[in-house]
Amino acid sequence: MTQEKSMPVGRVRDAERTRAELLDVATDEFAERGYSGARVDEIANRTRTTKRMIYYYFGGKEQLYLAVLERAYAEIRAAERTVDVEHLDPVAAVRRLAEITFDHHEAHPAFIKLVGVENAQYAKHMNQVARLVDLNSSAVALLDAVLERGRRDGVFREGADALDVHMLISSFCFFRVANRHTFGALFDRDLLDPDRRSFYRTMLGDLVTGYLREV
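Since the model is a prediction, treat every value here as computed from it, not as a measurement.

(A) Broad picture of empty space enclosed by the protein. Enumeration over the complete set of coordinates arrives at 1 cavity of 30 Å³ or more. Of the pockets and cavities examined, the largest cavity occupies roughly 80 Å³. Considering the residues around the largest cavity, the lining is formed by Glu-80, Leu-97, Thr-101, Ala-139, Leu-142, Leu-143, His-166, Ile-169 and Ser-170. Listing elements by their share of the lining of the largest cavity, those giving two or more residues are helix H5 (90-107), helix H7 (130-152) and helix H8 (162-178). Taken together, the residues that form the lining of the largest cavity break down as 5 nonpolar, 3 polar and 1 charged.

Below you can see the structure in the form of structure tokens.
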């Protein structure tokens, strides 16, 4: 009976590195040019590889775009999982989760652009990735567990829905990055001004925990 030979460790690492580099460049390309405007040739040129290699790793432009979306959402969900919510009181846990989203969105403007691209297309590509539902359901489940604990402790009011809280956090953080330029043009205020960063971060936590407090 013959045994299947596994790929040498060095080749596995090279493949992982190449795939990650392609995703990095593709993220920028899709974020800046949208799905229709992005060019696989440009991604190949910027990574000093070939279209054939991209098709080898991903299968085609659409599959590459879907992989970009999946990784983008996986990163924010992974950041949320770094919060040890079980060892924080519910108010502190919710505030920390809000801060994680605030920090992530500010540090990943390409993520904000990708979400905008997909919304402009009515999420037609996102609907093809079943794992995205599971990935993002985990964020709501995490919040739900914290809210339930807060209700048991008598610090959060009844009826607060975890998905609504997730929307509240996401909308504040998304708006701050996505609308930076239009808001600045209209009101002459830079929402990403470093001098106001701490103020906005605290404001978000106050908004969310204030909404949840028992009244």
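There's more to say after this.
(B) Representation of the pattern of salt bridges within the structure. As enumerated under the stated definition, the model contains 18 salt bridges in all. A salt bridge links Arg-96 to Glu-99; the shortest N-O distance between them is 3.4 Å. Of this pair, Arg-96 and Glu-99 are both found in helix H5, 3 residues apart, which corresponds to roughly one turn of the helix. Residue Arg-96 is classed as partly exposed on the basis of its relative accessible area of 30%. For Glu-99, a relative accessible area of 16% puts it in the buried group. One salt bridge in this structure joins Glu-99 and Arg-201, with 3.8 Å as the shortest N-O distance. Of this pair, Glu-99 sits in helix H5 while Arg-201 sits in helix H10 (residues 194-212), and the two are 102 residues apart along the sequence.

(C) Geometry of unusual backbone geometry. Positive phi outside glycine occurs at Arg-48, with the angle close to 55°. Mapping Arg-48 onto the fold places it in the loop between helix H2 (40-46) and helix H3 (51-58).

(D) Spotlight on the side chain of Glu-80. Along the chain, Glu-80 turns up in helix H4 (residues 61-81). With a relative accessible area of 7%, Glu-80 lands in the buried category.

(E) Seen up close, the packing of H4 against H7. Contact geometry for H4 and H7: axes closest at 10 Å, N-to-C directions at 20°. Considering the angle they form, H4 stands roughly parallel to H7. Judged by the sense of rotation from one axis to the other, the crossing of H4 with H7 is left-handed. Residues Leu-69, Glu-70, Tyr-73, Ala-74, Arg-77 and Glu-80 of H4 touch H7, and the partners they reach there are Arg-131, Leu-132, Leu-135, Asn-136, Ser-138, Ala-139 and Leu-142. Split into classes, the residues belonging to the contact of H4 with H7 amount to 7 nonpolar, 2 polar and 4 charged.

Criteria and thresholds
- Residues numbered from 1 in each chain as written.
- Predicted model: local features only at pLDDT ≥ 70, side-chain atom pairs only at ≥ 80, totals over all residues.
- Heavy atoms only, no water.
- 1 Å grid on protein atoms, 1.4 Å probe; cavity = no way out; pocket = protein on both sides within 12 Å on 5 of 7 lines; lining within 4 Å.
- Points joined across faces, edges and corners; volume = space filled by probe spheres on them.
- Helix = DSSP H or I, 4+ residues; strand = E, 2+ residues; numbered from the N terminus.
- Nonpolar A, V, L, I, M, F, W, Y, C, P; charged D, E, K, R; others polar.
- Salt bridge = Lys/Arg side-chain N within 4 Å of Asp/Glu carboxyl O.
- Buried < 20%, exposed > 50% of the residue type's maximum accessible area, 1.4 Å probe, protein only.
- Axes fitted to C-alpha atoms, helices over the stretch in contact; angles between N-to-C directions.
- Parallel < 35°, antiparallel > 145°, perpendicular 65-115°, else oblique.
- Left-handed = near helix turned anticlockwise from the far one by under 90°.
- Contact = heavy atoms within 4.5 Å.

By themselves these figures say nothing about function.
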